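Chain and residue survey
Okay, here's what each chain looks like letter by letter:
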Amino acid sequence: MKFLAVCSFGIEAILKREMETLGLNITSSSNGKIYFEGTQEAMIKANLHLRTAERVFVVLGEGEVKTYDELFDLIKTLDLKTYLSQEGKYLIQAKSVKSKLFSPRDLQSITKKALIENLRIAYKKELFPEEKERYAMLLDLNQDQATLLLDTSGTGLHKRGYRLAQGEAPLKETLAAALVLLSFFEDGRIMYDPFCGSGTIPIEAAMIAKNMAPGLNRHFDFEHFYWLDKAHYKATKKAALLAINHDSKTMIYASDIDQNIIEVAEENAIEAGVDDIIEFEVIDFALKRFDQPYGMIISNPPYGERLESQADVESLYKAIGKTMKTIQTYSVYILSSVNGVEGLLGKKAARTRVLFNGNIKTRFYQYYGPKPD
């Protein structure tokens, strides 16, 4: 089968590295999209293990279309019986970019009609009750190239299942994982997040340290597909459970000034099963001490509506810069949408990446410290 893993703009290289580590057969990539081929095992592993992917799709078919008749003919000729049961519920969404066909409603309608006609001929039946398992599909039309995709994930993969509650400006779990992976964090390192909020960055770091697959505590749409080898899925999930490192030597220190949000973070960490290697603390950043040598800070400090004024923003980032001067052996990684961060911190970053936190354009400032002896 041919698959597509999608991710947020800017983290394609990280996702690709994850997929290569899993042994997935990557065939091509573009902005926010990485295609790969394989059997059901590849689909299951991708959903269970990928930390930075938003969804995994099966590519049902593709081709050039410039008229609705051409779209109808394309969908009608695809091998849909292999993937869609005759009792399934067929849900179709559509999006169009720089194409002659651009109306989502019309695209959905034509695709659904062609899909039913396809299955009517394949199954030799007239009526489809659409009462059982869900098959959510996306018609992706880009520069007149139409691709029909079957969503295997269901709820977005950033929904790990551990977040019982969240703060005012939550960071997506997939982006938090990307920040940790970009920092080259690994088991055994000392890590701090002094603006942890509801705990997403430290929890994702702890899951990485413990080699805990992010999809273990959630469900996927593919679990209900009629063609899924359920025994194989069970075995793959069991292997992921056995691979968890329960003896991790990592220690993560997470703090915030808000008592209520720290309580939320603690509950989320317990739900994720990583509270044993995260130490939470309620403390003002200005009073925080970083007394472990060769540590690393990975954080998403407050910005935008989370701070009351521009003066508060400047004061906070200047305080971070002042602290950075006192921890020369540290690597520091800061995600922010604030303009002029390097000037406020008093130091130019070794590397800066543009990343998107939802619709908010941010930059990830990377300051590399010396390697431990």
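The rules behind each value
- Residues numbered from 1 in each chain as written.
- Predicted model: local features only at pLDDT ≥ 70, side-chain atom pairs only at ≥ 80, totals over all residues.
- Heavy atoms only, no water.
- Helix = DSSP H or I, 4+ residues; strand = E, 2+ residues; numbered from the N terminus.
- Rg over C-alpha atoms; globule rule 2.2 N^0.38 Å.
- Buried < 20%, exposed > 50% of the residue type's maximum accessible area, 1.4 Å probe, protein only.
- Contact = heavy atoms within 4.5 Å.
- Phe/Tyr/Trp six-rings, centres within 6.5 Å; stacked < 30°, edge-to-face > 60°.
- Lys NZ or Arg CZ within 6 Å of the ring centre and 35° of its normal.
- Axes fitted to C-alpha atoms, helices over the stretch in contact; angles between N-to-C directions.
- Parallel < 35°, antiparallel > 145°, perpendicular 65-115°, else oblique.
- Left-handed = near helix turned anticlockwise from the far one by under 90°.
- Pairing = 2+ DSSP bridges.
- Lys, Arg positive; Asp, Glu negative; His and termini not counted.
- Salt bridge = Lys/Arg side-chain N within 4 Å of Asp/Glu carboxyl O.
- Polar contact = N/O pair within 3.5 Å; in protein donor to acceptor, adjacent residues only side chain to side chain.

Counting secondary structure elements, the protein chain contains ten helices and 14 strands. A globule of 373 residues ought to have a C-alpha radius of gyration of about 21 Å, and the protein chain, at 23 Å, matches this closely. Expressed along its principal axes, the backbone C-alpha trace of the protein chain runs to roughly 75 × 45 × 35 Å. Within the span of the protein chain, comprising 373 residues, buried residues form 53% of the whole. Summarising the internal contacts of the protein chain: among those between residues at least 6 apart in sequence, 77% fall at separations of at least 24.

Before going further, it helps to spend a moment on the packing of aromatic side chains. Under the criterion given, the structure shown has 17 aromatic pairs. For the pair phenylalanine 9 and phenylalanine 356, a centre-to-centre distance of 6.0 Å together with 70 degrees between the ring planes defines the contact as edge-to-face. Taken as a pair, phenylalanine 9 in the loop between β1 (2-6) and α1 (12-22) and phenylalanine 356 in strand β13 (residues 351-357) lie far apart in primary sequence, 347 residues in all. Each residue in the set Tyr192, Phe195, Tyr253, Phe285, Phe290 and Tyr330 is aromatic and connected to the rest through ring pairs, giving one cluster. Residue placement shows lysine 2 over the ring face of tyrosine 35; its charged tip is 5.1 Å from the ring centre. In this structure, lysine 125 packs its charged tip against the face of phenylalanine 128, placed 5.2 Å from the ring centre.

In this section: the environment of tyrosine 135. Its place among the elements puts tyrosine 135 in strand β6 (residues 134-142). Separated by 50 residues in sequence, tyrosine 135 and serine 85 have C-alpha atoms that sit 8.9 Å apart. What tyrosine 135 contacts, discounting residues up to four positions off in sequence, is Tyr83, Leu84, Ser85, Gly88, Lys89, Tyr90, Leu91, Leu150, His224, Phe225 and Tyr226.

The subject of this paragraph is the packing of helix α2 (residues 40-49) against helix α7 (residues 230-242). One way to put it is that α2 packs onto α7 with a least axis distance of 10 Å and a crossing angle of 40 degrees. It follows from the interaxial angle that α2 and α7 lie oblique. In the packing of α2 onto α7, the handedness of the crossing is right-handed. Of α7, the residues touching α2 (which contributes Glu41, Ile44, Lys45, Leu48 and His49) are His232, Tyr233, Thr236, Lys237 and Ala240.

With that settled, the discussion passes to the sheet that holds strand β9 (residues 251-256). In spatial order, the strands read β10-β9-β8-β11-β12-β14-β13; together these seven strands make up an open sheet with mixed pairing. In the strand order of this sheet, the two ends are held by β10 (278-282) and β13, each with one partner. Adjacent strand axes in the sheet meet at a mean angle of 20 degrees when their direction is disregarded. Pairing geometry for strand β11 (residues 296-299) and strand β12 (residues 331-336), over four bridges, is parallel.

Inspection of the secondary structure puts arginine 218 in the loop between α6 (200-209) and α7. Of the side chains with opposite charge, glutamate 223 comes closest to the buried, unpaired arginine 218, at an N-O distance of 6.7 Å. Engagement of the side chain of arginine 218 in a polar contact is seen with the backbone oxygen of threonine 155, the distance being 2.8 Å. At a separation of 2.8 Å, a polar atom in the side chain of arginine 218 contacts the main-chain carbonyl oxygen of glycine 156. Here arginine 218 is in contact with Ser153, Thr155, Gly156, Leu157, Lys159, Arg160, Glu223 and Lys237, once residues within four sequence places are set aside.

Of note in the backbone geometry, glutamine 143 takes a positive phi value of approximately 50 degrees without being a glycine. Locating glutamine 143 in the fold gives a position in the loop between β6 and β7 (145-151). The backbone phi angle of phenylalanine 184 is positive, close to 60 degrees, even though this residue is not glycine. Structurally, the position occupied by phenylalanine 184 is in the loop between α5 (173-182) and β8 (190-193). The class of phenylalanine 184 is exposed, set by a relative accessible area of 53%.

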